[in-house]
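Reading the structure
As a plain string of letters, each chain reads:
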Amino acid sequence: MGAVLALLVPAFAVAQDLLIKNATVLTVTQGTLPNSDILILGGVIRGIGEGLEAPKGVRVIDAAGRFAVPGLFDSHTHIALTDINEMGATVTPEVDEADALNAEDVRIYYCLTGGVTTVHTMHGSANPIGGRNITLKLKWGRPAEEMVVPQAYPTIKFAQGENIKQSYYNPPTDRYPKSRMGVAAIVRRELLRARAYMEEWDRYEAAKANPERPGGLLPPRKDLGLEALADVLRGKLLVRCHTYKADETLEMLALSRELGFKIACLDHASEAFKIAPELVAAGVGISVFADSWSYKLETAEGIAHNAAACAKKGVLVSLNSDGGPQMQYMFNEAAKAVKFGGLPADDALKLITINPAIQLGVDKLTGSLEAGKQGDVAIFNAHPLDSYARCEMTIIEGEVYFDRDRDIRERTEKAAADKAKAKPKGRKED
Amino acid sequence: MKSRLGFVLLAFVAALAAPSAAAWEPAYAVVGCRVVPVSGPPIEDAVIVVRDGLVESVGPRPAVRVPGDAEIVDGKGLTVYPGFIDAFAAGLVQVPPEPKPDPGEFLGTAPPVKGADGRTPEFGAYEHLAAGAVEQEALRKTGVLTVLAAPRRRMFSGRSVLVNLNGGSPAEMVVRNPVALHVEFTGARGAYPTTGMGVQAFFRQLCLDAARYRTAGSLSAGRGSGVRRPVYDPFLESLSPYLLDGAPVIFACDGQEEIKKALRLIAGCGVRGLVAGANEAWRVADALRAAGIPLLLSVNFAPPALSIYAQRGKEAKETAEKETYPGNAARLKAAGIPFALTSYGLEKGADLMAQVRKAVQAGLAEDEALKALTVHPARFLGVDGQLGSIEPGKIANLVLSAGDIFKEGTKVRMLFVDGRRFEVKEDKPGGAAPPAPGGGR
């Protein structure tokens with residue numbers, strides 16, 4: 001029994017102390033440090049430099065000839081969840097992906113094999129106002145609640161365009177909305193409702209404080225959905241909006257100005273390159289695919305240069321997998337921004353490290369290799385933007401959660417053991 | 001005169017309709033048996049006197065007088081246990097089948113599918129009890145004499161009933177009704193909420209709504225309060241005892257994440273919750289110990305679909321089912337967490353004891369297994385004054401077996417349910433056992 005349990009938790013992921021020696025360190029924010037060491041103690045980076053010494057007993061990893069980069073950050077995915085879309089209604093701000101965590105989704109491990117250490121995992125795009133999202137560190141083998149990054153911005157999913165219209169398109173139903181203007185109207189309607197709700201509670205609190213109040217004072221109904229939207233209006237809950245076409249992306253910016261809510265980031269935004277100045281002026285970033293477009297009509301005008309073009313114009317850009325197979329090769333995705341649009345390598349790496357961390361308010365914790373930040377490191381055999389790069393080891397807060405050598409060794413051993421076990425069954429050997 | 005005749009007639013009809021099972025059952029004295037009362041140490045060469053549905057006396061042979069009117073049962077070679085309690089038996093409730101999904105049915109947009117909308121808290125297991133003579137006989141001969149018949153539908157499934165398998169009418173069988181509100185994390189069809197996270201959000205909202213509904217009701221009833229009466233809401237009325245007043249809520253939980261969901265709702269909403277299922281509860285032992293929530297553990301050892309044990313291929317899954325999950329109860333015991341063992345998730349409720357034996361083989365002490373079938377479920381369900389141990393004044397639910405019940409192959413010879421005697425006939429191939437004397441009608 002004990003042996004079976006041990007399989008669940010990486011046997012060596014117990015200490016949070018680690019010294020990585022002799023790596024080419026791509027700090028992302030402070031340039032490249034050749035032949036340098038990273039000392040992580042208690043899960044936090046204590047120093048980066050040459051000739052660092054490990055305190056006694058601390059595991060040392062020789063990374064000579066290898067590249068150490070910040071653990072990668074997938075800004076928009078749908079892994080590690082039991083539920084994605086609450087389709088029972090069109091407005092569902094009361095539902096929370098924190099209630100749908102699934103710590104044993106194997107895709108967590110797949111992400112680790114590609115150097116991803118942090119994800120923003122989200123409600124789906126079936127509803128104009130969906131549920132709340134959550135940011136996780138991919139601590140495979142640990143309970144779900146230990147994966148949650150409590151410092152990350154609380155975010156809520158909004159969505160525009162065809163997914164809302166078409167989630168219920170076929171067979172035809174009478175669900176509202178069926179048009180882009182319907183989506184905008186619902187967002188406006190619901191946020192105005194939330195404003196009225198806040199005012200109703202304010203009136204109640206004032207009445208309660210009045211010593212001359214009449215005997216029977218019934219509190220207003222506490223509505224968990226409107227509470228969440230009130231937090232959106234208060235700026236405590238930030239919007240992540242699924243959007244494709246430039247006109248509706250602009251429309252969402254206008255709605256945020258009109259109603260006074262904060263957008264953490266616009267997701268997909270395949271026509272962002274058309275409106276980069278407007279995005280810069282609004283101070284709103286985007287999270288996009290590297291080179292995926294035309295998979296539906298509303299993405300027909302997407303281009304592979306979107307990320308690079310926007311980044312060069314000063315938009316805060318991140319790349320995401322949306323839960324697709326790219327989750328395992330986000331570093332290849334970043335390289336595409338070099339190929340298409342000529343982004344400098346360090347800036348391309350920012351798309352999958354510090355930029356998504358800024359978008360989620362955790363750039364003081366992770367997203368670059370700096371003393372004082374959490375020890376989230378991915379070690380590659382080559383520069384991660386190299387076509388032949390592969391991730392060798394993934395470390396979260398000083399704990400090794402993926403080790404390619406160990407994986408291969410264990411597989412070989414298991415195959416040998418299985419073969420040995422199969423032999424006594426009287427099968428003839430040829 | 002006419003009215004007097006009417007009264008007599010009425011009394012006669014009432015007598016005909018009155019429960020009669022206990023009335024004509026003789027008193028019994030089981031003499032020379034070994035008694036495992038669970039509430040105390042075993043008693044060798046003992047006498048148990050059963051009268052009028054209850055245990056009249058129990059003790060070593062010289063200390064207990066055998067009443068002259070009692071039918072003597074030779075207890076030599078027999079071990080007597082309190083009747084086992086299956087605190088989550090879904091198989092004894094006839095749940096109306098859900099309509100097949102219509103190709104045109106699309107979640108959230110079609111009208112709610114009647115009976116599949118998760119809003120059936122008033123559904124009573126008592127009114128839908130499917131415990132005929134055959135089903136009862138099958139359970140009795142494994143020693144299970146009391147079951148919590150539990151509805152399993154969607155979200156707010158309905159209410160359970162605790163029954164003794166005494167062969168009587170449903171009314172005669174009832175020990176307590178209703179017992180608990182049953183909640184599933186399975187969302188509704190064609191209605192909000194469709195997801196588990198939606199069920200949790202909805203549950204929290206309903207707790208708030210029920211409280212406000214009650215406040216509004218009581219304020220409006222006060223003289224001159226100026227508060228208008230709330231619109232009558234049968235759904236909230238039906239939920240209120242459970243969401244507001246501490247009547248028990250049983251959460252069906254498959255997998256560790258669902259256990260944690262239940263614990264969050266129980267703590268967050270202040271309901272009196274129990275967790276059922278939970279066949280990988282050992283994986284959240286710390287949280288369970290801290291919460292102190294009663295567990296109605298399943299002895300179905302198949303890893304839940306989302307578990308890592310179910311995702312590493314067929315062979316690994318079968319190994320986990322054989323070697324890992326049967327150890328759930330033993331690990332919980334080692335962690336100091338009390339539990340009942342139930343047939344939750346088993347295809348056949350009658351397999352409960354066979355599965356419990358596997359838990360014993362996987363390290364659960366026999367006396368702990370026994371408690372998990374007797375005193376613990378009785379306490380969890382609030383009937384420990386009546387059931388769960390062999391003591392004078394308690395319900396005479398007794399299992400008489402030819403030796404240690406946890407030993408493979410030990411036969412149950414005789415049973416008393418509500419003081420009524422049932423003999424267990426050997427199974428004949430190709431035919432049902434003949435009805436026991438005093439049993440079945």
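Model, not experiment: these values are computed from the prediction.

Thresholds, definitions, all that
- Residues numbered from 1 in each chain as written.
- Chains lettered and ligands numbered in written order.
- Predicted model: local features only at pLDDT ≥ 70, side-chain atom pairs only at ≥ 80, totals over all residues.
- Heavy atoms only, no water.
- Helix = DSSP H or I, 4+ residues; strand = E, 2+ residues; numbered from the N terminus.
- Rg over C-alpha atoms; globule rule 2.2 N^0.38 Å.
- Buried < 20%, exposed > 50% of the residue type's maximum accessible area, 1.4 Å probe, protein only.
- Contact = heavy atoms within 4.5 Å.
- Areas by Shrake-Rupley, 256 points an atom, 1.4 Å probe, with all protein chains shown as cover.
- Pairing = 2+ DSSP bridges.
- Axes fitted to C-alpha atoms, helices over the stretch in contact; angles between N-to-C directions.
- Buried area = accessible area lost by both parts, 1.4 Å probe.
- Salt bridge = Lys/Arg side-chain N within 4 Å of Asp/Glu carboxyl O.
- Polar contact = N/O pair within 3.5 Å; in protein donor to acceptor, adjacent residues only side chain to side chain.
- Nonpolar A, V, L, I, M, F, W, Y, C, P; charged D, E, K, R; others polar.
- 1 Å grid on protein atoms, 1.4 Å probe; cavity = no way out; pocket = protein on both sides within 12 Å on 5 of 7 lines; lining within 4 Å.
- Points joined across faces, edges and corners; volume = space filled by probe spheres on them.
- Parallel < 35°, antiparallel > 145°, perpendicular 65-115°, else oblique.
- Phe/Tyr/Trp six-rings, centres within 6.5 Å; stacked < 30°, edge-to-face > 60°.
- pLDDT = per-residue confidence, 0-100.
- Left-handed = near helix turned anticlockwise from the far one by under 90°.

Looking now at the overall build of chain A. Helix and strand counts for chain A stand at 13 helices and 17 strands. A globule of 430 residues ought to have a C-alpha radius of gyration of about 22 Å, and chain A, at 24 Å, matches this closely. Once the C-alpha set of chain A is aligned to its principal axes, its extents read approximately 85 × 55 × 50 Å. The buried share among the 430 residues of chain A stands at 55%. If you take every contact in chain A between residues at least 6 apart in sequence, the share linking residues at least 24 apart comes to 70%. Of the accessible surface of chain A, which amounts to about 17,600 Å², a share of 53% is contributed by carbon and sulfur atoms.

Moving on to the overall build of chain B. Secondary structure summary: chain B contains twelve helices and 18 strands in total. Expressed as a percentage of the 441 residues in chain B, the buried residues total 54%. Intrachain contacts of chain B at a sequence separation of at least 6 include 65% that bridge at least 24 residues. Here chain B displays about 18,900 Å² of accessible surface, and carbon together with sulfur accounts for 56% of that area.

This part is about the sheet that holds strand β9 (residues 134–137) of chain A. Within a sheet, adjacent strands bond to each other through the backbone by hydrogen bonds, running parallel or antiparallel. Residue and element names in this part refer to chain A. Read from one edge to the other, the open sheet built from three strands follows the order β6-β7-β9, with strand pairing classed as mixed. The sheet is open, and its two edges are formed by β6 (72–77) and β9, each paired on a single side. On average, each strand axis in the sheet is tilted by 20 degrees relative to the strand beside it, whichever way the strands run. Both strand β7 (residues 116–121) and β9 contribute to a ladder of four bridges, which runs antiparallel. Bridge pairing in β9 places H120 opposite T135.

On to the side chain of A:D99. Positionally, A:D99 belongs in the loop between β6 and α2 (107–113). Residues in contact with A:D99, not counting those within four places in the same chain, are B:M197, B:Q200, B:R204, B:K261 and B:R264.

All right, on to helix α11 (residues 366–373) of chain B then. Taken as a whole, α11(B) has its buried residues at B:E368, B:A369, B:L370, B:A372 and B:L373. The secondary structure elements touched by the buried residues of α11(B) are β5 (79–82), β6 (84–89), α9 (328–334), β15 (339–342), α10 (352–361) and α12 (375–380) of chain B.

Tallying the contact residues gives 49 residues for chain A and 45 residues for chain B. Each partner contributes to the roughly 3,700 Å² buried at the junction of chain A and chain B, and carbon and sulfur atoms together form 55% of this total. Connecting chain A to chain B are six salt bridges. B:R264 is the salt-bridge partner of A:D99, the closest N and O atoms lying 3.4 Å from each other. Applying the counting rule to chain A against chain B returns 19 residue pairs in polar contact (both at pLDDT 80 or more). Classifying every residue of the side of chain A that touches chain B gives 24 nonpolar, eleven polar and 14 charged.

Before going further, it helps to examine the layout of surface pockets. Residues and elements named next belong to chain B. Volume-wise, the second largest pocket comes out at about 730 Å³. When residues of the lining of the second largest pocket are traced back to their parent elements, those giving at least two are β6, α2 (133–140), α10 and β17 (412–417). Counting residues per element, the lining of the second largest pocket draws most heavily on α2, which supplies four residues.

The next subject is the packing of helix α5 (residues 180–209) of chain A against helix α6 (residues 224–234) of chain A. Helices that pack against each other are described as a pair by the angle of their axes relative to one another and the distance between those axes. Residue and element names in this part refer to chain A. Where α5 contacts α6, the two axes come as close as 9 Å, and the packing angle between them is 95 degrees. Between α5 and α6, the angle is such that the two are roughly perpendicular. Between α5, through E190, L191, R193, A194, R195, Y197, M198 and W201, and α6, the contact on the second element is made entirely by L226, E227, L229, A230, V232, L233 and R234. Taken together, the residues of the contact of α5 with α6 break down into ten nonpolar, no polar and five charged.

Okay, the packing of aromatic side chains next. Tallied over the full model, the rule gives 20 aromatic pairs over all chains. Arranged with centres 6.1 Å apart and planes meeting at 75 degrees, the rings of A:Y244 and A:Y295 form a pair that is edge-to-face. Here the residue A:Y244 occupies a position in the loop between β11 (238–243) and α7 (246–259), and A:Y295 occupies one in the loop between β13 (286–288) and α9 (306–312), the gap between them amounting to 51 residues. Judged by centre distance (5.9 Å) and plane angle (20 degrees), the rings of B:F156 and B:F203 are stacked. Highlighted residues: B:F156 in strand β8 (residues 156–159) and B:F203 in helix α4 (residues 196–221), separated in sequence by 47 residues. The pair formed by B:F156 and B:F203 is uniform in burial state, with each residue classed as buried.

Residues and elements named next belong to chain B. For chain B, per-residue confidence averages 90 on the pLDDT scale, and 89% of positions sit at 70 or higher. Ignoring residues within four places in sequence, the model shows residues 1–22, a span with pLDDT below 50, making seven contacts including any to other chains. Taken as a whole, residues 430–441 scores under 50 in pLDDT and shows 20 contacts with residues more than four places along the chain or in a different chain. For this predicted complex, the interface score ipTM comes out at 0.93, while the overall pTM is 0.92.

So, about unusual backbone geometry. Omega for the bond connecting B:N177 with B:P178 falls within 30 degrees of zero, at -15 degrees, which places this linkage in the cis form. Turning to its location among the elements, B:P178 is positioned in the loop between β10 (174–176) and β11 (181–184). Following B:Y192, the chain continues to B:P193 via a peptide bond in cis, the omega torsion being -10 degrees. The residue A:D322 is not glycine, and still its phi comes out positive at about 60 degrees. The exposure class of A:D322 is partly exposed, given its relative accessible area of 26%.

This brings us to the packing of α4(B) against helix α6 (residues 256–269) of chain B. All names here are of chain B. Between α4 and α6, the shortest axis-to-axis distance is 11 Å and the interhelical angle comes to 15 degrees. Put simply, α4 runs roughly parallel to α6. In this structure, α4 meets α6 at a crossing whose hand is right-handed. Contact residues: Q200, F203, R204 and C207 in α4; K261, R264, L265 and C269 in α6. The class makeup of the residues in the contact of α4 with α6 is four nonpolar, one polar and three charged.

In this section: empty space enclosed by the protein. Overall, the coordinates contain four cavities of 30 Å³ or more when judged by the stated rule. One number sums up the size of the largest cavity: a volume of about 90 Å³. A:S270, A:F289, A:S292, A:I303 and A:N306 are, among the 13 residues lining the largest cavity, the residues nearest its centre. Considering the residues around the second largest cavity, the lining is formed by B:V55, B:P82, B:G83, B:I85, B:T146, B:L387, B:G388, B:S389, B:I390, B:I395, B:N397 and B:L398. Of the residues in the lining of the second largest cavity, the class split is seven nonpolar, five polar and no charged.

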